[in-house]
Amino acid sequence: MTTTLTRRHLLGATFAVAAAAGMALSMPAFAQEPVTLKFSAVFSEQDIRAGMVKMFADELKDGFKVEPFYGGTLFKQGTELVALQRGNLQMGNIAPQDISKQVPEWSVLTSAYLFRDAAHVRTFFASDVGAEFKKMAEEKAGVHILGPTYFGARQVGLKSDKKISTPADMAGIKLRMPGGDAWQFLGEAIGANPIPMAYAEVYTGLQTGAIDGQDNPLPNVKNMKFYEVMSQIVMTSHLIGYDLLTISADVWKGLSAEQQAKIQAAADKAMQWSEEQHLAQEAKLVEEFKAAGLEIYEPDLDAFRKFAQEKYLGSDLAKSWPEGILEKVAAL
């Protein structure tokens, strides 16, 4: 049977298609598929920052689906940035040291004794100077920074009971540091012999003597049970520990202004909660570790600060630092 298409049929079909398209465009947001944000981090599921990610996900449950992967199970430490750049990952908790590998100016943000405390880090990233560094990261490394995720001041934890007063006392100590030039130089800047080692291997490294010590904030020492294989913690506070909650720049640019605002608001709330939790835990852990039998004391911080700053300023790293950046950061 042959069907004849009349002008009437064609007009009717055209209106039907137009009506269907109009319905699709006018469908409410809740009927659309949520935006999936796969998130990777090296910290464990017991870490305070895992709670931060949960809070972030809960705030975004309408319109977004956050899929977290912890403990470096999806991407190993140091590889998350490349995964973001290749489109294999949407979000990550990225170390500033990893960004500095691709954006040399960022190495100043990884230097010892730059920031005073958690509030100073937060103030920096909210400032005009911080905005310049975030723009560098977006343009040169392809990541949009939502903000810093503070996880504590880094302290030196040692298996031996050798008393540490100045950087000279650190000579010959095999101190585990993450891989990468910025991390290794940090170990040298406090007088140690830095040894690259994955975070998950540190406990065994201390236990077997492959390393003499490690540097991590106290909450990390607690989470990973490093205190079980250490005898002392030297409160050097040589680096205010923070990573960066980031989202792929391509993903960010593909979101509406409303979606971007929602993500930023959720991130701000979660990061503030995490910072408060870390600060409270740091204060308690000093006494907890002392009770567990560890010796905890403060060395000559002026000597450590002077040694580290001279080391950095005399290195090739400082050649890439923006002019006057140390003074600008100190003035915040």
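This text gives an overview of the structure that appears in the document. (Residues numbered from 1 in each chain as written. Predicted model: local features only at pLDDT ≥ 70, side-chain atom pairs only at ≥ 80, totals over all residues. Heavy atoms only, no water.)

Glancing now at the layout of surface pockets. Roughly 520 Å³ of internal volume is contained in the largest pocket. If you go around the largest pocket, you meet 29 residues; those closest to its centre are Val42, Gln77, Gly78, Arg176 and Tyr199. Where the lining of the largest pocket is concerned, the elements lending two or more residues are strand S3 (91-94), helix H4 (96-102) and strand S4 (143-158). When the residues that make up the lining of the largest pocket are grouped by side-chain class, the tally is twelve nonpolar, nine polar and eight charged. (1 Å grid on protein atoms, 1.4 Å probe; cavity = no way out; pocket = protein on both sides within 12 Å on 5 of 7 lines; lining within 4 Å. Points joined across faces, edges and corners; volume = space filled by probe spheres on them. Helix = DSSP H or I, 4+ residues; strand = E, 2+ residues; numbered from the N terminus. Nonpolar A, V, L, I, M, F, W, Y, C, P; charged D, E, K, R; others polar.)

What follows concerns the environment of leucine 239. As for its position among the elements, leucine 239 is in strand S8 (residues 232-248). Look at leucine 239 and you get buried, because its relative accessible area is 8%. For the pair leucine 239 and asparagine 193, spaced 46 residues apart in sequence, the C-alpha to C-alpha distance is 17 Å. (Buried < 20%, exposed > 50% of the residue type's maximum accessible area, 1.4 Å probe, protein only.)

This brings us to unusual backbone geometry. Phi angles above zero are rare outside glycine, and lysine 225 is one such case at about 60°. Backbone geometry at serine 237 places phi at a positive 45°, although glycine is not the residue there. One can find serine 237 in strand S8.

This next bit is on the environment of glutamate 188. Its place among the elements puts glutamate 188 in helix H7 (residues 181-189). Assessed through its relative accessible area of 35%, glutamate 188 is described here as partly exposed. With sequence-adjacent residues up to four places away left out, glutamate 188 is seen in contact with Pro194, Phe307 and Lys311. (Contact = heavy atoms within 4.5 Å.)

The next subject is the pattern of salt bridges. Taken as a whole and assessed by the stated rule, the structure comprises 13 salt bridges. Two residues, aspartate 47 and arginine 49, come together in a salt bridge whose shortest N-O distance is 3.1 Å. For the salt bridge of arginine 154 with aspartate 215, the shortest nitrogen-to-oxygen distance reads 2.8 Å. Of this pair, arginine 154 sits in strand S4 while aspartate 215 sits in strand S7 (residues 213-216), placing them 61 residues apart in sequence. (Salt bridge = Lys/Arg side-chain N within 4 Å of Asp/Glu carboxyl O.)

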